[in-house]
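Spelled out from the first residue to the last, the chains are:
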Amino acid sequence: MKKTPVFLDSLVTDMLRLRAICPFSWRVFQFRPISCEPLIIQMNKCTDEEQIFDFIERNKAILSEKQVGCAFDMLWKLQKQKTSLLKNFEDVRDHPQFLTLHNLATNKFKLMNDDTLVNVLHITQQFDIKLLSEFSSCLADQRLYFSPLMGKIADIVHRNLETTQDLSSLSVLMVNISSLISRHFQQQLVNKTELLFDTIDSSEVDVATRITRFLRNIKYCYQPLLEKCNNVFLSNVDQLDLDSISKILRLYKFLQFNSFEFIMMAKKKLTEMIPLCNHPASFVKLFVTLGPIAGPEEKKQLKSTLLLMSEDLTGEQALAVLRAMEDMESRNSHLIKRVTSVLHKHLDSYKPLELLKITQALTFLHFQRKEFSAKLRESLLSYLKISFIPTEVSFLVYAISLLPSPHLDEVGISRIEAVLPQCDLNNLSSFATSVLRWIQCDHMYLDSITGKQLKLLQKLDHYGRQRLQHSNSLDLLWEELKSVRGKTFPESLLEETIATLQHFVDEINYINVVEIASFISNTDYLSTLLLDRIASVTVQQIEKIHPFTILAIILPFSTLNYDPPQRDEFFGTCVQHLNSYLGILDPLMLVYLGFSLATLQYFPEDLLKSIFNIEFLSRLDSQLESIGVMNGAQQQIYKMLAEVLGGINCVKASVLTPYYHTVDFECILDKRKKPLPYGSHNTALGQLPEMPWEPNTEIVGSRLPPGAERIALEFLDSKSFCRNIPHMKGKSAMKKRHLEILGYRVIQISQFEWNSMALSTKDARMDYLRERIFGEVKS
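Everything quoted here is computed from the prediction, not taken from an experiment.

Peer 1: Mind showing me how you'd approach the overall build of the protein chain here?
Peer 2: Scanning the protein chain from N- to C-terminus turns up 39 helices and 4 strands. Residues counted as buried form 50% of the 779 residues belonging to the protein chain. When contacts within the protein chain are restricted to residue pairs at least 6 apart in sequence, those whose partners lie at least 24 apart make up 75%. When the accessible surface of the protein chain is totalled, it reaches about 38300 Å², and 53% of it is carbon and sulfur.

Peer 1: Even after reading the chapter, I still don't get the packing of helix α9 (residues 129-141) against helix α11 (residues 167-177), so can you show me in this structure?
Peer 2: A pair of packed helices is characterised by two quantities: the angle between their axes and the separation of those axes. Where α9 contacts α11, the two axes come as close as 9 Å, and the packing angle between them is 30 degrees. Relative to α11, the element α9 is oriented roughly parallel. Viewed along their axes, α9 and α11 form a crossing whose handedness is left-handed. Here I129, K130, L132, S133, S136, S137 and A140 of α9 come into contact with α11, specifically with S169, L170, V172, L173 and N176.

Peer 1: Any chance you could explain the sheet that holds strand β4 (residues 744-750) here in plain terms?
Peer 2: Working definition: the strands of a sheet are paired by backbone hydrogen bonds and lie parallel or antiparallel to each other. Spatially, the 4 strands line up as an open sheet ordered β1-β2-β3-β4, and their pairing is mixed. Strands with a single pairing partner mark the edges of an open sheet, and in this sheet they are β1 (652-656) and β4. Direction aside, the axes of adjacent strands within the sheet are offset by 40 degrees on average. Bridging between strand β3 (residues 709-716) and β4 involves 7 bridges; their strand directions are parallel. Within the sheet, the bridge partner assigned to L713 lies in β4 and is I747. Against the sheet, helix α37 (residues 730-741) touches β2 (662-669), β3 and β4, its axis set at about 155 degrees to β4. Each of β2, β3 and β4 is contacted by helix α39 (residues 762-774), which is oriented at about 155 degrees to β4, the strand it contacts most.

Peer 1: Got a minute to help me understand helix α12 (residues 183-197) in this structure?
Peer 2: Residue pairs three or four apart in sequence face the same way in an α-helix, which turns once every 3.6 residues. Helix length check: α12 (15 residues) gives 21 Å between terminal C-alpha atoms against 21 Å at 1.5 Å per residue, within 8%. The inward-facing, buried residues of α12 abut α10 (148-160), α11, α13 (205-217), α14 (223-234), α27 (474-481) and α29 (513-523).

Peer 1: Explain the pairing of β3 to me, please; I cannot follow it from the model alone.
Peer 2: Two faces make up the sheet, and in a regular strand the side chains alternate between them. A large share of β3 lies buried, amounting to 7 of its 8 residues. Both β2 and β3 contribute to a ladder of 5 bridges, which runs antiparallel. Opposite L669, over in β3, you have E709 as the bridge partner. For the crossover that starts at β3, traverses α37 and ends in the parallel β4, the hand is right-handed.

Peer 1: In this structure, what is going on with a nonpolar patch on the surface? I would like to understand it.
Peer 2: A surface patch of nonpolar side chains, about 340 Å² in accessible area, is lined by F603, L608 and F612. In this fold, L608 is placed in helix α34 (residues 605-611). Relative accessible area serves as the criterion here: at 33%, L608 is assigned to the partly exposed category.

Peer 1: I'm lost on α27 in this one. Help?
Peer 2: Within α27, burial applies to L474, L477, W478, E480 and L481. The buried residues of α27 occupy one face: seen down the axis, they fall within an arc of 160 degrees.

Peer 1: Hey, could you run me through the packing of aromatic side chains in this one?
Peer 2: Aromatic rings in a pair are described by how distant their centres are and how their planes are angled relative to each other. The final tally for this structure, using the stated rule, is 13 aromatic pairs. For the pair Y252 and F257, a centre-to-centre distance of 4.8 Å together with 70 degrees between the ring planes defines the contact as edge-to-face. Taking relative accessible area as the criterion, Y252 reaches 4% and is therefore assigned buried. Using a relative accessible area of 5% as the deciding quantity, one classes F257 as buried. With a centroid separation of 5.9 Å and 90 degrees between ring planes, the pair formed by F367 and F372 is classed as edge-to-face. For the pair formed by F367 and F372, the shared burial category is buried.

Peer 1: Please explain the pattern of salt bridges as it appears in this structure.
Peer 2: Pairing between side chains becomes possible if they bear opposite charge and their charged atoms approach one another. Following the criterion strictly, the structure yields 21 salt bridges and no others. A salt bridge links D461 to R465; the shortest N-O distance between them is 2.9 Å. Of the two residues, D461 and R465 are both situated in helix α26 (residues 446-469); the distance of 4 residues between them amounts to about one turn of the helix. The exposure class assigned to D461 is buried, which follows from its relative accessible area of 19%. Looking at R465, the relative accessible area reads 28%, which means it is partly exposed.

Peer 1: Please clarify how the nonpolar core should be interpreted in this entry.
Peer 2: Soluble, globular proteins show a tendency: their nonpolar side chains are buried together. L215 and F287 are the most contacted members of the largest nonpolar core, which has 166 residues in total. Judged by nonpolar contacts, the second largest core, of 23 residues, contains C667, I747, Y768 and I773.

Peer 1: Teacher, can you tell me more about the environment of F185 here?
Peer 2: Relative to the helices and strands, F185 is located in helix α12. Along the sequence, F185 and A154 sit 31 residues apart, while their C-alpha atoms lie 9.6 Å from each other.

Peer 1: When you look at the side chain of N230 in this model, what are you seeing that I'm missing?
Peer 2: Its place among the elements puts N230 in helix α14. In this structure N230 comes out as buried when scored by relative accessible area, which is 3%. Look past the residues within four positions of N230 in its chain and what remains in contact with it is Y252, F257, S259 and F262.

Peer 1: Even after reading the chapter, I still don't get the confidence of the model for the protein chain, so can you show me in this structure?
Peer 2: Parts of the model with low pLDDT should not have their predicted coordinates read in detail. Overall, the predicted model of the protein chain reaches an average pLDDT of 81, with 81% of residues at or above 70. Mean pLDDT values over the elements of the protein chain span from 46, in helix α1 (residues 6-9), up to 96, in helix α30 (residues 528-540). Across residues 625-631, confidence stays below pLDDT 50; counting only partners more than four residues off in sequence or on other chains, it has 9 contacts.

Peer 1: Looking at this model, I keep getting lost on the side chain of T340. Mind explaining?
Peer 2: Mapped onto the elements, T340 comes out in helix α20 (residues 333-346). Only 3.0 Å separates the side chain of T340 from the backbone oxygen of K337, close enough to count as a polar contact. Residue contacts for T340: discarding those within four places in its chain leaves L362, F367, R369 and F372.

Peer 1: Would you mind showing me how to read the environment of S379 here?
Peer 2: As for its position among the elements, S379 is in helix α22 (residues 370-386). Considered as a pair, S379 and L355 are 24 residues apart in the sequence and their alpha carbons are 8.2 Å apart. Once you skip the residues sitting within four places of it in the chain, S379 turns out to touch L347, D348 and L355.

Peer 1: What's the story with unusual backbone geometry in this structure? I'm lost.
Peer 2: Leave glycine aside and you will find that most residues have negative phi; peptide bonds, for their part, are mostly trans. With phi around 60 degrees, D524 is a residue other than glycine that occupies positive phi space. With respect to the secondary-structure elements, D524 resides in the loop between α29 and α30. With a phi angle near 55 degrees, N561 is a residue other than glycine that sits in the positive phi range. For N561, the position within the fold is in the loop between α31 (550-559) and α32 (567-578). With relative accessibility at 24%, the residue N561 sits in the partly exposed group.

Peer 1: For this particular structure, what's the right way to read the environment of V539?
Peer 2: Mapped onto the fold, V539 is located in helix α30. Sequence-wise, V539 and F571 are 32 residues apart; in three dimensions their C-alpha atoms are separated by 8.9 Å. Setting aside chain neighbours within four positions, we find V539 in contact with Q566, E569, F570 and T573.

Peer 1: Looking at this model, I keep getting lost on the packing of α30 against α31. Mind explaining?
Peer 2: Packing of α30 against α31 leaves a shortest axis separation of 11 Å and a crossing angle of 145 degrees. Judged by the twist between their axes, the crossing of α30 over α31 is left-handed. Contacts between α30 and α31 involve L531, I534, A535 and T538 from the first element and I553, P556 and F557 from the second. Taken together, the residues of the contact of α30 with α31 break down into 6 nonpolar, 1 polar and no charged.

The rules behind the values
Residues numbered from 1 in each chain as written. Predicted model: local features only at pLDDT ≥ 70, side-chain atom pairs only at ≥ 80, totals over all residues. Heavy atoms only, no water. Helix = DSSP H or I, 4+ residues; strand = E, 2+ residues; numbered from the N terminus. Buried < 20%, exposed > 50% of the residue type's maximum accessible area, 1.4 Å probe, protein only. Contact = heavy atoms within 4.5 Å. Areas by Shrake-Rupley, 256 points an atom, 1.4 Å probe, with all protein chains shown as cover. Axes fitted to C-alpha atoms, helices over the stretch in contact; angles between N-to-C directions. Parallel < 35°, antiparallel > 145°, perpendicular 65-115°, else oblique. Left-handed = near helix turned anticlockwise from the far one by under 90°. Pairing = 2+ DSSP bridges. Expected span 1.5 Å × (residues − 1). Right-handed = clockwise from strand over helix to strand, strands pointing away. Patch = residues over 30% accessible without salt bridge, like charges linked within 9 Å, V, L, I, M, F, W, Y side chains within 5 Å. Salt bridge = Lys/Arg side-chain N within 4 Å of Asp/Glu carboxyl O. Arc of directions from axis to C-beta. Phe/Tyr/Trp six-rings, centres within 6.5 Å; stacked < 30°, edge-to-face > 60°. Core = buried A, V, L, I, M, F, W, Y, C linked by side-chain atoms within 4.5 Å. pLDDT = per-residue confidence, 0-100. Polar contact = N/O pair within 3.5 Å; in protein donor to acceptor, adjacent residues only side chain to side chain. Nonpolar A, V, L, I, M, F, W, Y, C, P; charged D, E, K, R; others polar.

Given below as structure tokens:
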């Protein structure tokens, strides 16, 4: 095949780049000769390429953009009628007059419509994937991701995907067309990428990065491809600079993909850069990238250096630092004050999504300053009054709901009502969460506004049910659900959503089973019908399911404490599918897998051997962290227990057991059911627990005497139960079994019981504790 002339390679890309200089309409002024239409009529009478080129030669001095476009349209129509397409493309492009047509097109492209430009692309580039990728990048540079031209490119890629072998160019196209393509086409591209991945050089960091970007764009955490990309990054550490590492870590965070090896590599390399970054722009990027993964010393060094630069930060840099501090869980008051002073100066320049990020970060960091909060609220409300995009309105409303005065006036409520018909499930869920927060927090305006808020909740529920009822396939439903946060999904919508998923239960297959399982895990909603289907699909189609996704499939069964009918076959199939990969799984993933199966009382031998060996445990050591927190209800119970048992020295809080379970409260009764005191080193409220059963957990003067018993009291909040029924979840059930094995008598106090009307007074609660501990029943 003859090589395409060099001038053709740059024709379309040059056209697009020049169009970028003229962002306004290039079709406003279209001066045509008086004889424009007669010339087109004459051209339409041409029956072959030769006649068209003769016509161009005779009229090249007077041809308009419409007539040049017509010539390309005619050539493309003639080509589609031929059987030997390849040969005819060569004949057309080798014709002496084709250069004339090329020059005319270059001079008049700004006035051509999109369809004509696509025909130019067809004729000049013969579906060359490399040139097609350059063409798509030109459109992407102009942010024309949703243009008809990008749609045409997506169609060309789809029709030629089977014969495509150039993954480098394909990866460019995948990123650029990702906003337009269907779920089915997304999966086809993922499958094709897997097939071609081994054909690229192991040093192709850019290709691996683009593939990861594509997965981020389509919100698909596909472990097999991510592992391959991660291996490319790990084998090319020396090529990765600050920008590359920052980009990769952001992609991993969005996809919730964990690679301990990459994080350790990134941490080492970034730490070496600290003394080299002495300009605010580069140091802020280093702070944002390294901060969340840095150790205590590195974090201290980063903060102290940033404090010195804080006055020189731009508004964009200050926001980046604030979000990094949120990720780092850093509440350094001096740095927060410096950063917020910069934010305050630039508050009027931030966009709605940026204002939401500021509000979320400051709420998490417990920052409170009335002047700043008032101006932030003012900025949010001013945007809300003029916004009409549902997602943007939901951002603004959610941000306002996080502020100290979360109420909305009638204008704000009417703005929400105006966009409701256009909202998807994610928007509706966000609105419902915000409204519920107003109702709970807005006591000052309770009488005047609550009625309107309740009516708004009813409307949100109505539109949510409407969208669910109009779903006619699982694929379409999932397009909306995959962005919804299951744990914050409103109860009424969640119930209807589960019912809709159950309606499509037969459409659950090996392609979507992992996503559906993950969604159910996050909702805490026990649907035996859906879980049974997940188990059945997994057993029947296990060979089509990647081993690295098995944990996500097992998780809802573990979380919700549910055994499917074919329990042993299901778990056995899952573990067998994973066995040959146990040695390469991330340590935390392997431990989490073992933990999930243990909650279901399933203990596969190969998995246990993989976990309990010296080499694995040494890898795990560097990844483990533990923290203990006591909430308000626990503190209340703690004080009452001290009264019931006869003193603060007779009850111990946050006890760490040999199974590394933290017991909320522990007490010891002798054989006469009399409380025995602890030593003087009792754990104070809010402190971390001691090591398992250290000497200070023993009673004064001796070990546990004959006939005495340890009692563990556990406070179970709503997170310990399924959302739709009072069924205890797997983690709490397993903890009770383990504590009983250790010899404890376990008393579990549910939040629902503790906050019930029957226990509404202190005396009733004291009597309840006495009965549970001593077996006393007040007459």
